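A closer look at the structure
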Amino acid sequence: MRGGSWPSRVTSHFARKLPPSWLLLCLVGVLALLAFLGSPSWNEFDSAASSGIPSVYTSYRRLKEQAAIDYYDLRAVSLGLNRQRELSLCGKESEHYVPCYNMTETSSAGFRDGEQYDRHCELAQGGERCLIRPPKDYKIPLKWPAGRDVIWSGNVKIKKEQFLSSGSMTKRLMLLEENQISFQSDDGLSFDGVRDYSRQLAEMIGLGSDVEFPQACIRNVLDIGCGFGSFGAHLVSLNVMAVCVAEYEAAGSQVQMALERGLPAMIGSFVSKQLPYPVLSFDMVHCAQCGINWDGKDGMFLMEVDRVLKPGGYFVLTSSASKPFTSASSAKKSSVLTVMEGFARKICWSLLSQQDETLVWQKTADASCYSSRSQDSVPLCGNAPNDLSYYQPLASCLSGSSSKRWIPIQNRTSDSQWLDVHGVRPEDFWEDSQAWEESLRNYWSLLTPLIFSDHPKRPGDEDPLPPYNMIRNVMDMSAKYGGLNAALLKARKSVWVMNVVPVGAPNTLPIILDQSFAGTLHDWCEPFPTYPRTYDMLHADGLLTHLTYKNCDLMDLFLEMDRILRPEGWVVLHDNAALVEVARVYTAQVRWEGRVMDPQDGSDQRLLVCQKPFLRK
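Residues numbered from 1 in each chain as written. Predicted model: local features only at pLDDT ≥ 70, side-chain atom pairs only at ≥ 80, totals over all residues. Heavy atoms only, no water.

Which entries qualify depends on this criterion: UniProt positions are given in the numbering used here, feature names are shortened, and annotations may be inferred rather than shown by experiment.
In the nomenclature of an unreviewed UniProt entry, the protein is known as Methyltransferase of Kalanchoe fedtschenkoi. The UniProt entry for the protein carries the following comment under Sequence similarities (unreviewed entry): "Belongs to the methyltransferase superfamily."

Written as structure tokens, this is what we have:
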């Protein structure tokens, strides 16, 4: 056809014929439309129109999606939400940035004796708002379980030089190739003795094999200073929830390595503050060469272990200081062990067994033990509520003996038992569980590239695989009873969930931990203690409403979510329609691809489902 295509000819024709007054009229019409969108009549039209739309969970054609995007963009403008520009990318120096950990600032502020390595969000200064970009060599992690045994070396902070200078134990654990770090699979031959070590622990507590851990009521383990997560990976294969807690490290992080492998982990230290867990939380606390001076601070470190350990639970210590010594040069190490053994008796622990460098203590299951101790024993804490522990100072007393949750792990019988302890009606709990099973089915149908047909492609690669292959690390940012976690397990999804209970919300963390799930307390007005790009999916139900009452800055929240979310990771937010529309503006600023969904249940609740693109500078 001569003269170009017919759309271009029609456009040029009208462009020549329209007088300037028409352009002014068009501008007035746009302004009138914006005013109409904010009026009550538009709200009524919106409500009436949405009632006749088919289920959004199956209607996700591109045209309808684009219409929804345009509509909510106009709604945001009509509500007075100024759509700001997309945020820029941070510099290369911020690729592994973890807020609240700045040893220069903490040292200048006068923190000493190890406290400078602790978390100090109160010193954090508001800097430039930008998006943490991935390292140049970053690659999407391999799907589980392959990603447990092989990770990309460009994704973590540890470098080849650090690996080569590490000890022989580390070298046996890992094989460094050109761009990968490979961990010997636990499905075949034992690696670095982890299998033998686990079996040894089982024998030391009177079991025939480590496969009996769950039957012996060892279902959740706090692994302090977990190395690169090999012991935790083995426990996962035994259906034991092992959560790694280790200090922040400026280079070569244990926590980052464990999370990269798809294993539960978070930054944590009790040099001066309690861990963010309530009393009586774990069946076992494990420390293998974790670098803690257990005889320091007049036994306060051991009292913190006692605080989080359940009645009848086990404390496992593997250290060179535990090995029997005879030479004079080893007298100092031997004295450390002597101090620990004496203090353990004062807090009603009994030494079950010692083999080579490993000792196993068991916490008393009888609360009356504390009243029958000698006069110089450690005092009991008062009657103040002790279920809430969010970075409180270390206590010099023993907690939990008067708690309703004082139930020896060997005496646990049924779910109804711990529901009664928490004052939760079984019918309410099961109703909540069923609701989450239905919600998960809806969520899973949304987490697919089909609904994001125009999503940013991975550089040089095809579309991402379906979600059952790409999701492993999940965070429920407002977990309540842990219903999403339970639904994922029931649906046999190969994921684990970090169940976060927001500070200021009803404290349901004891319920979560009593189900042997991973969980923690956290104030979402502050950054979460983890490294960048460590979660595949973030979920929050009602969190935006909760934070508006706390006057938190939602832009800071979305920046933090973007920091801890992996490229091509997913976000599912459930809240009221007004806050979801506000959230859409923030998601555009952090460059997420988002869709708003109406669950069609007659409520004002909406779903915002987003995917983070793979951005490179």
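A short note on the overall build of the protein
Just so we agree on the cut-off: Secondary structure elements are taken from DSSP: a helix is a run of H or I of four residues or more, a strand is a run of E of two residues or more, and numbering for both begins at the N terminus. Each residue gets one of three labels from its accessible area relative to the maximum for its type: buried under 20%, exposed over 50%, partly exposed in between, using a 1.4 Å probe on protein chains only. What makes two residues a contact is simply this: any of their non-hydrogen atoms within 4.5 Å.
Tallying secondary structure elements over the protein gives 21 helices and 17 strands in all. When the 617 residues of the protein are sorted by exposure, 53% land in the buried category. Here the contacts in the protein between residues at least 6 apart in sequence split such that 72% fall between residues at least 24 apart.

Looking at helix α17 (residues 483-490)
Residues G483, L484, N485, A487 and L488 constitute the buried set of α17. Elements in contact with the buried residues of α17: α15 (426-446), β11 (473-476), β12 (496-502) and β14 (535-541).

Let's talk about the nonpolar core
How we decide: Throughout, nonpolar core names a set of buried Ala, Val, Leu, Ile, Met, Phe, Trp, Tyr and Cys residues whose side chains join them through atoms within 4.5 Å.
W294, F315 and M475 are the most contacted members of the largest nonpolar core, which totals 91 residues. With seven residues, the single largest contributor to this core is helix α20 (residues 554-564).

So, the packing of aromatic side chains
How two aromatic rings sit relative to each other is set out by the distance from centre to centre and by the angle between their planes. Using the following cut-off: Think of it this way: a Phe, Tyr or Trp ring, Trp meaning its six-membered ring, pairs with another when their centres are within 6.5 Å, and the plane angle makes it stacked under 30 degrees, edge-to-face over 60, tilted otherwise. Note on geometry: a ring has a charge over it if NZ (lysine) or CZ (arginine) is within 6 Å of the ring centre and within 35 degrees of the ring normal.
Going through the model one piece at a time under the given rule, you end up with 19 aromatic pairs. Ring centres 5.2 Å apart and planes at 85 degrees place the aromatic pair Y277 and F282 in the edge-to-face group. Considered together, Y277 and F282 belong to a single accessibility category, that of buried residues. Every member of this aromatic cluster is reached through a ring pair, and the members are F270, W294, F301, F315, W349 and W361. Sitting over the face of the ring of W152, K139 holds its NZ or CZ atom 4.4 Å from the ring centroid. The ring of Y481 carries the charged tip of K480 above its face, separated from the ring centre by 5.1 Å.

A word on the state of the cysteines
Note the threshold: Only a pair of cysteine sulfur atoms within 2.5 Å qualifies as a disulfide here.
Evaluated as defined, the whole model comprises seven disulfides. The disulfide partner of C90 is C130, and the gap between their sulfur atoms is 2.0 Å. Taking the sign of the S-S torsion, 100 degrees for the link of C90 and C130, the bridge is right-handed. Taken together, the residues span a long stretch of sequence, with C90 in the loop between α4 (62-78) and α5 (103-108) and C130 in the loop between α5 and α6 (146-149) at a distance of 40 residues. In this pair, the class of C90 matches that of C130, namely buried.

Observations regarding the pairing of strand β17 (residues 605-611)
Two faces make up the sheet, and in a regular strand the side chains alternate between them. Note the threshold: Here a strand pair is declared whenever DSSP counts at least two bridges between the two strands.
In terms of burial, β17 is a largely internal element, six of the seven residues being buried. As paired strands, strand β15 (residues 565-576) and β17 are joined by seven bridges and run antiparallel to one another. Among the inter-strand pairings, W570 is bridged to a residue of β17, identified as Q611. In terms of strand pairing, strand β16 (residues 593-597) meets β17 through five bridges, oriented antiparallel. Across the sheet, residue G594 finds its bridge partner in β17, namely C610.

Regarding the sheet that holds β16
This is how the line gets drawn: Axis lines are fitted to C-alpha atoms, over the contacting stretch for helices. Their N-to-C directions set the angle, which ranges from 0 to 180 degrees.
Across the sheet, seven strands lie side by side as β13-β12-β11-β14-β15-β17-β16; this open sheet has mixed pairing. Strands with a single pairing partner mark the edges of an open sheet, and in this sheet they are β13 (518-522) and β16. Taken pair by pair, the neighbouring strands of this sheet meet at an average axis angle of 15 degrees, ignoring direction. Set on the sheet, helix α21 (residues 577-589) makes contact with β15, β16 and β17; between it and β15 the angle comes to about 155 degrees.

Things to note about the packing of helix α9 (residues 194-204) against helix α10 (residues 230-237)
Using the following cut-off: Relative orientations are named as follows: roughly parallel for angles under 35 degrees, roughly antiparallel for angles over 145 degrees, roughly perpendicular for angles from 65 to 115 degrees, and oblique for any other angle. Note on convention: near helix rotated counterclockwise from far helix by under a right angle means a left-handed crossing. Clockwise means right-handed. By the convention adopted, Pro, Cys, Tyr, Trp, Phe, Met, Ile, Leu, Val and Ala count as nonpolar, Lys, Arg, Asp and Glu as charged, and the other residues, Gly among them, as polar.
Where α9 contacts α10, the axes come no closer than 10 Å and their chain directions differ by 65 degrees. Of the possible angle classes, the one that applies to α9 and α10 is roughly perpendicular. For the pair α9 and α10, the sense of crossing is right-handed. Touching V194, R195, Y197, S198 and L201 of α9 are S230, F231 and H234, all from α10. Of the residues in the contact of α9 with α10, the class split is four nonpolar, three polar and one charged.

A closer look at the packing of α15 against α17
Two elements in contact, α15 and α17, have axes whose closest approach is 8 Å; the angle formed by their N-to-C orientations is 65 degrees. Between α15 and α17, the angle is such that the two are roughly perpendicular. Pair α15 / α17 crosses with right-handed handedness. Counting all contacts with α15, which are made through D432, W436, E437, L440 and W444, the residues of α17 involved are G483, L484, A487, L488 and K490. Residue classes in the contact of α15 with α17 are distributed as six nonpolar, one polar and three charged.

Overview of the sheet that holds strand β5 (residues 241-246)
Strand order in the open sheet formed by seven strands is β6-β5-β4-β7-β8-β10-β9, and the pairing between neighbours is mixed. The sheet is open, and its two borders are formed by β6 (265-267) and β9 (349-355), each paired with just one other strand. Across the sheet, the mean angle from the axis of one strand to that of its neighbour is 20 degrees, orientation sign disregarded. As defined by bridge partners, β5 adjoins β6 across three bridges and the pair is classed as parallel. Its bridge partner being in β6, C244 is matched across the sheet by A265. Lying over the sheet, helix α12 (residues 300-308) contacts β4 (220-224), β7 (282-288), β8 (309-318), β9 and β10 (358-363), oriented at roughly 135 degrees with respect to β8.

Focus on the environment of L123
Along the chain, L123 turns up in the loop between α5 and α6. With relative accessibility at 21%, the residue L123 sits in the partly exposed group. Residues L123 and E105, 18 residues apart in the sequence, show an inter-C-alpha distance of 7.3 Å. Apart from the residues lying within four places of it in its own chain, the contact partners of L123 are E105, T106, A109 and F111.

Concerning the side chain of S269
Note the following rule: Under the rule applied, a polar contact is a pair of N or O atoms within 3.5 Å (in protein, one hydrogen donor and one hydrogen acceptor; residues adjacent in sequence only if both atoms are side-chain atoms).
One can find S269 in the loop between β6 and β7. Engagement of the side chain of S269 in a polar contact is seen with the side chain of D118, the distance being 3.2 Å. One polar contact links the side chain of S269 to the main-chain amide nitrogen of V271, over a distance of 3.3 Å. Look past the residues within four positions of S269 in its chain and what remains in contact with it is D118, E247 and L275.

Things to note about the pairing of β11
Basically, it comes down to this: With its strands directed away from the observer, a crossover is right-handed exactly when the path from the first strand over the helix to the second travels clockwise.
Here β11 shows two buried faces, one formed by N473 and M475 and the other by V474 and D476. Relative to β12, β11 runs parallel, the two sharing four bridges. Counterpart to D476 in the pairing with β12 is N499. Taking the sense of rotation as the criterion, the β-α-β connection linking β11, α17 and β12 turns out right-handed. Here β11 runs beside β14; their pairing, made up of three bridges, is parallel. Among the inter-strand pairings, V474 is bridged to a residue of β14, identified as M537.

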